[in-house]
Amino acid sequence: MLHSFVSPVLVGRAAHLAAFAGVLERAAGGAGGVVLVSGEAGIGKSRLVSAAAAEARERRFLVLQGTCFETDRSLPYAPLLDLARTFALAHSPAVAHHVLEPAAPELLALAPDLAAVFPDGVEGARIDTDLDEQRVAHAAARMFVRLAGTQPLLVVLEDVHWADGSSHDLILHLARLIPAHPIVLAVTYRSDEVGPQLARFLAGLDRVRTAAELALGRLSRDEVAAMVEAILGGGTAARIGLVERIHRWTDGNPFFVEEVLGSLAAAGRLGDDEDAPADVLGRVPVPRSATDAVRRRLDRLDEPARRVAAVAAVAGRRFDFAVLRELTGHDAAGLLRHIERLIAEQLVVEESAELFAFRHALTREAVYAGLLARERAALHGRVAAAIEAVHGADAGARVEDLAHHTFEAGEWERALEFGRRAGERAFAVHAPAEALAHLVRAFEAARRAGVEPSAGLHLARGRAWETLGELDRARADFDSALGRARAAGDRRAEWDALVAIGRVWASRDYARTAILFREALALARGLEDRVLVARSLNRVGNWHLNVDEPHAALRHHAEALAIFEAAGDRRGIAETVDLIALAHYNSGELAAAAAHYERAIALFRELDDRRRLANALAMRVACGPAFMSSVAAPVDSAGIAAAAPEALPVQAAREIGWRAGEAFALVQVAGALAWRGEFLPAHGLAAEALAIAEALGHLQWQCSARCALGLVHLGLLSAAGAREHMERAYALAHEVGSRIWLRFAAAWLGLACVRVGDLDRAAEVLGDDPGGATAAGSPTRAADPAARTLAGRQLLASRAELALARGEPDGALEILDALLGRDDGPRPLEDARRAMPRLALLRAEALAVLGRMREAEAALAAARAGAAAQDALPLLWRIDALHGRWLRRARRHADARAALGRARSIIDGLAAAAPDPEARATFLRKAAALVPPAVPVSPRAAAKAAFGGLTKREREVAALVAQGKTNRAIARALRIGERTVEDYVANGLGKLGFRSRAQLAAWAVEKGLAATE
């Protein structure tokens, strides 16, 4: 009987297992969590998870397990597919159908070999551009959440250091969702194989803040002794020397401990006692890695078994019985005997009746490395042929494997074709890095085959480069594609290349972009392809939008929409309506933008386009009151809450794992919160958006997040902090080359410079308008180009504030009247001023400087009404503070005290929302400079104010009324005339707003006056 050298117990992991059990217990109560198990190869990650899975089953958890392998680096969603295949093979078709059915269309699209689970087919299971990341992630989440509705769920995904980026994104998506469900997600990875991609994934998990990491270290000497005892039995007292040596040789790696013990046993050296000479034990080659141990195990096999191991190693870490049988030529019984021998030697484990795997990745690597290069190449070719022979028409589902094996076999023409298909497939499911890996090999295969790469192959690789941010390489591929398309007379490929090149140049040279997009439009018209024309129109329209020409964009989008509507193209309609909404928004036409966004939201929901839906929801929030929209009439807050609650766009982006969309949504929500004075959450969301954008290398969202942070600082009166963020945003806007963001960033940087008193820098920035609007400080009119866009209007508003700071109220007033008097439809002018309270406040200040106080008072009243309606507390306190100062100068002291009191009350509330003590102190100090201290009042005046304005005599009369005395009795008591008492009673009723003596009596009792005699 063969002795197993696998430890029958889990040693040295009690604390880790207890922590894991705690997560399981909380999940059983409905609060799911993530367990991240890390450590070097062979440290026992899989053993720990296996023990936890056994405990989970005892707790009546359903356990689903998937594993990644080294060859999966280029396979999108490998752990999910492995989980599905493993479960399907290990269970009956009925059970597998029940478990996998919620994600059936997506699973079948990615793995057609699962068709046996769904013999009747599944609607929508076709690989195409619709199968994007959010759809797969949503499907997986749907499957797991539904299963967790009937029993707690443990999902194990092992060796994710070999997973592709799309798999990492899928795991992050699940990690964000499971805290609200009875689900535990266990993820293992090698801590000694953390590359840039895995590091980004781990950082993403850190931000989720739901993961408990169990870092497995090497075993101590005592733990190794316990492990040896568990494996060999009989105690370790007689094996002290052996334990010491094993601990030293293995450095406490549990897998190496097992391998060394097996190797020593094979050499007949386990009987050596502690006094055995060191050179005796040293005669057994002690493995420094698992590779040596594996090679010794191979030596114990007969030639046919070794050959089976070699062929299996070429096939991959996991191999199916049918393919291996095709490769080796053995009958089922003979092959099974050899596999049993491999299992006995602990090289291979059985996963199901049809599926086997090498026990460890290093096991497979050691076997593979033992083959000659020529032998490996020949075997790779045979593996590819076997896959095609066994799977027949379904072999295309394993195109990634075929691409790998044909390339390694040197079958260059087939490797070119399979590489192209694998790349396109990976790109279709939004896995650009994996697509690039396949396409690069396809190009190499073309070179080896002496074949000129096609325009389509250049386009495919260029799109992968572009998505990954390698714009120079992308442009080179697109340029090559354009040349090849024109040489071949392929006009459709020429159109694709023109649009692709235009997209690349959009980040650098808008003039060149315009030429390319217009050439593509002309080509589409020449092809008489109406849908292609519509797509071209949207490209040209979007170019106009990025150069801050939204009205020109609207004309192009409207023409595109008519074409899509005539063609009945729902997706084209939805995308175009979304672009039209954006054009209206950037025109400052926020009501029209909101209406179009609501239509786009409905269409995207109908199409299940979750990425564009998240974006439209964020923009719907942006149509409401916020600093960015403070120069236009926003949609009311109630309408926003009904159509797109502020939490919804962030949640929608997170649900699909769309990090760039999450950053964008965070900025929009932060802007709305900052406008209301909710500085603490606004600062947190904007900072989170910046961190995400920096991690992604997304310059435009870095710019917008910096702007949001700067606006929070402005609200807190920290102009220096605001300027720091805005200077960076301004530099980023120049780098991006977007006129819209140049104007926004310039507007707010200029405003920050005005607030710190650097008027020269403010004038420099505010005069730097790529749109050619009027120079800083000069008058403007509504007809000026800048006044017709939201970004341009922000620029002009900042110029008005600069003019006021320079002592040029006439220039400021002309700018503000042009902005406030803009015709937005039937809205009266005062309504427009109330809808734009920031501009109305500036106008009031300008009028006051000019001495036109009656008009200034009216403008300030409109500003206050608007700020109150929008709950714009940072603006409201400034309005009350200004009004209080005016009232004090007019010697209306009671009214001044009321206005200034309101300002101080708001200031105290806003200070409590500051993100840190320093910001709070700065805000209170600078706000105090704008709100004059309260003028001390006499005790008599204070008492009068405390009692509703009633004089001492009026209070005495009210007290006697409360005692039930008549006017005559009161007159006798106070020795005054009865008619005078009547006057005092009337005065008291009037000041307090009462209608009866009973009300006056009740008030006197409440104020403690009734006891006065």
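It should be noted that the structure appears before, not after, this text.
Residues numbered from 1 in each chain as written. Predicted model: local features only at pLDDT ≥ 70, side-chain atom pairs only at ≥ 80, totals over all residues. Heavy atoms only, no water.

## Remarks on the sheet that holds strand β5 (residues 211-215)
So, point 1. Spatial ordering of the open sheet is given by β2-β3-β4-β1-β5, a layout of 5 strands whose pairing is parallel. The open sheet is flanked by β2 (62-67) and β5, the only strands paired with a single partner. Along the sheet, successive strands turn relative to each other by an average axial angle of 15°, direction set aside.
So, point 2. Of the strand pairs in this sheet, strand β1 (residues 33-39) and β5 are connected by 5 bridges, and their pairing is parallel. Pairing of valine 35 across the sheet is with alanine 212, part of β5. (Pairing = 2+ DSSP bridges. Helix = DSSP H or I, 4+ residues; strand = E, 2+ residues; numbered from the N terminus. Axes fitted to C-alpha atoms, helices over the stretch in contact; angles between N-to-C directions.)

## Remarks on the sheet that holds strand β6 (residues 318-320)
So, point 1. What the 3 strands build is an open sheet, ordered β6-β8-β7; its pairing is antiparallel. The open sheet has two edge strands with one neighbour each: β6 and β7 (348-350). Mean inter-strand twist for the sheet, computed between neighbouring axes without regard to direction, equals 30°.

## Thoughts on helix α27 (residues 550-567)
Since there are 3.6 residues in each turn of an α-helix, residues three or four apart along the chain are aligned in direction.
So, point 1. The first and last C-alpha atoms of α27 sit 25 Å apart over 18 residues, in line with the 26 Å expected at 1.5 Å per residue.
So, point 2. Listed as buried for α27 are Pro550, Ala552, Ala553, Leu554, His556, His557, Ala560, Leu561, Ile563 and Phe564.
So, point 3. Just downstream of α27, glycine 568 is the residue with a positive phi angle, here 65°. (Expected span 1.5 Å × (residues − 1). Buried < 20%, exposed > 50% of the residue type's maximum accessible area, 1.4 Å probe, protein only.)

## A few points about unusual backbone geometry
So, point 1. Phi is positive for aspartate 159, which is not a glycine, with a value near 55°.
So, point 2. For aspartate 159, the position within the fold is in the loop between β3 (153-158) and α7 (165-177).
So, point 3. Phi angles above zero are rare outside glycine, and glutamate 528 is one such case at about 55°.
So, point 4. Summarising the element assignment, glutamate 528 is placed in the loop between α25 (510-527) and α26 (530-546).

## Describing the packing of aromatic side chains
So, point 1. All chains considered together, the criterion is met by 11 aromatic pairs.
So, point 2. Aromatic side chains phenylalanine 321 and phenylalanine 356 sit 6.2 Å apart centroid to centroid with 45° between the ring planes, which places their arrangement in the tilted category. With phenylalanine 321 in helix α15 (residues 321-328) and phenylalanine 356 in strand β8 (residues 355-358), the pair connects residues that are 35 residues apart, well separated along the chain.
So, point 3. Relative accessible area serves as the criterion here: at 10%, phenylalanine 321 is assigned to the buried category.
So, point 4. Among the aromatic residues, those joined into a ring-pair cluster are Phe627, Trp675, Trp741, Phe744 and Trp748.
So, point 5. Over the ring of phenylalanine 407 we find arginine 441; its NZ or CZ atom is 5.6 Å from the centre of that ring.
So, point 6. Directly above the ring of phenylalanine 443 sits arginine 461, whose terminal nitrogen or CZ lies 3.5 Å from the centroid. (Phe/Tyr/Trp six-rings, centres within 6.5 Å; stacked < 30°, edge-to-face > 60°. Lys NZ or Arg CZ within 6 Å of the ring centre and 35° of its normal.)

## Topic: the side chain of aspartate 477
So, point 1. In this fold, aspartate 477 is placed in helix α23 (residues 471-488).
So, point 2. One polar contact links aspartate 477 to arginine 461, side chain to side chain, over a distance of 2.7 Å.
So, point 3. If we ignore the near neighbours within four places in the chain, the residues touching aspartate 477 are Phe443, His458, Arg461, Gly462 and Trp465. (Polar contact = N/O pair within 3.5 Å; in protein donor to acceptor, adjacent residues only side chain to side chain. Contact = heavy atoms within 4.5 Å.)

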